[in-house]
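# A look at the structure
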Amino acid sequence: MDKNTISEIVKNLKNQFNERFQRILASDRDRKALILGAIGISILVIYLIFHSFSSGGARLVKKAETLEADLKKIESLRSEYIQSKRRIDEVTSNIKSEDEALISVVEKVLIDAQVERGSFSINSRTDTTGDLYDEKSVDIEIKKLPLNKAVDVLYKIQTNPSFLKVSKLRIRTRFDNSSLMDASFRVSTFKFKQVT
């Protein structure tokens, strides 16, 4: 096919389209239907454009809400970390320095609780080192201890300013006197390491 034949075919199609279009526009009813169809298609196109933008906006709003929730969690964790760090610093500053040995501290507590010197023994243990703290501990055995003094001793140890911790508590009643008991337990103190 040459160019002239193709241009003739295009002209014929164009003329046929114009004739049919003019016939459609000739009647009022067809013109109204065409206008209503064009309005309907325009409304559909506008709706599709608006919907694509609004769904994108909704996704952005949802993502922003998720990020805000994550930010609140991070702020909560940050404040919890600051409080924990402040508490650790406070505890570390309140712990007595190593000038006073743990055995001396425990001995003072026992004497203040009016436990006789001959009825208790304090044995030092090997220090333990952890990732966050160093632990010093002693084992204590007390013979012929009344129940009220046992409670008093444990209370004074737990509330001591040196932050002592009681563990491995064993209490046995005596056969010779049921109002007295033998007690053994471990007292530990912890020194937190500086976290960098």
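Scroll up a little and you will see the structure.
Thresholds, definitions, all that
Residues numbered from 1 in each chain as written. Predicted model: local features only at pLDDT ≥ 70, side-chain atom pairs only at ≥ 80, totals over all residues. Heavy atoms only, no water. Helix = DSSP H or I, 4+ residues; strand = E, 2+ residues; numbered from the N terminus. Buried < 20%, exposed > 50% of the residue type's maximum accessible area, 1.4 Å probe, protein only. 1 Å grid on protein atoms, 1.4 Å probe; cavity = no way out; pocket = protein on both sides within 12 Å on 5 of 7 lines; lining within 4 Å. Points joined across faces, edges and corners; volume = space filled by probe spheres on them. Nonpolar A, V, L, I, M, F, W, Y, C, P; charged D, E, K, R; others polar. Salt bridge = Lys/Arg side-chain N within 4 Å of Asp/Glu carboxyl O. Patch = residues over 30% accessible without salt bridge, like charges linked within 9 Å, V, L, I, M, F, W, Y side chains within 5 Å. Areas by Shrake-Rupley, 256 points an atom, 1.4 Å probe, with all protein chains shown as cover. Core = buried A, V, L, I, M, F, W, Y, C linked by side-chain atoms within 4.5 Å. Contact = heavy atoms within 4.5 Å.

## Section: unusual backbone geometry
Of note in the backbone geometry, Lys144 takes a positive phi value of approximately 50° without being a glycine. Residue position: Lys144 is located in strand S3 (residues 133-146). For Lys168, which is not glycine, the phi dihedral falls at a positive 50°. Locating Lys168 in the fold gives a position in strand S4 (residues 164-173). A residue is classified by how much of its surface remains accessible, and Lys168, at 57% relative accessible area, is exposed.

## Observations concerning empty space enclosed by the protein
Enumeration according to the criterion identifies 1 cavity of 30 Å³ or more in this entry. Of the pockets and cavities examined, the largest cavity occupies roughly 40 Å³. In terms of lining, the largest cavity is formed by Leu145, Ala150, Val153, Leu154, Leu169, Ile171, Ala183 and Phe185. Element by element, the count of residues in the lining of the largest cavity is highest for helix H4 (residues 147-158), at 3 residues. Taken together, the residues that form the lining of the largest cavity break down as 8 nonpolar, no polar and no charged.

## Overview of the pattern of salt bridges
The tally for this structure, following the rule as stated, stands at 5 salt bridges. Salt-bridge contacts for Lys156 lead to Asp152; the nearest nitrogen and oxygen are separated by 3.9 Å. Of the two residues, Lys156 and Asp152 both sit in helix H4, 4 residues apart, roughly one turn of that helix. For Lys156, a relative accessible area of 27% puts it in the partly exposed group. A salt bridge links Asp182 to Arg174; the nearest nitrogen and oxygen atoms lie 2.9 Å apart. Assessed through its relative accessible area of 11%, Asp182 is described here as buried.

## Regarding a nonpolar patch on the surface
A cluster of nonpolar side chains, namely Ile35, Leu36, Ile39 and Ile43, defines an oily patch on the protein surface of about 400 Å² accessible area. Looking at where Ile35 falls in the secondary structure, it is placed in helix H2 (residues 28-94).

## Considerations on the nonpolar core
Counting residues in each nonpolar core, the largest one holds 22 residues, and the members touching the most others are Val106, Leu110, Ile140, Ile142 and Phe185. Residue assignment for this core shows that the elements contributing at least two residues are helix H3 (102-112), strand S1 (120-124), S3, H4, S4 and strand S5 (180-192). In terms of residue count, H3 provides more of this core than any other element does, 5 residues in total. Look past the residues within four positions of Val106 in its chain and what remains in contact with it is Ile122, Val138, Ile140, Leu164 and Val187.

Worth remembering: the numbers are spatial, not functional.
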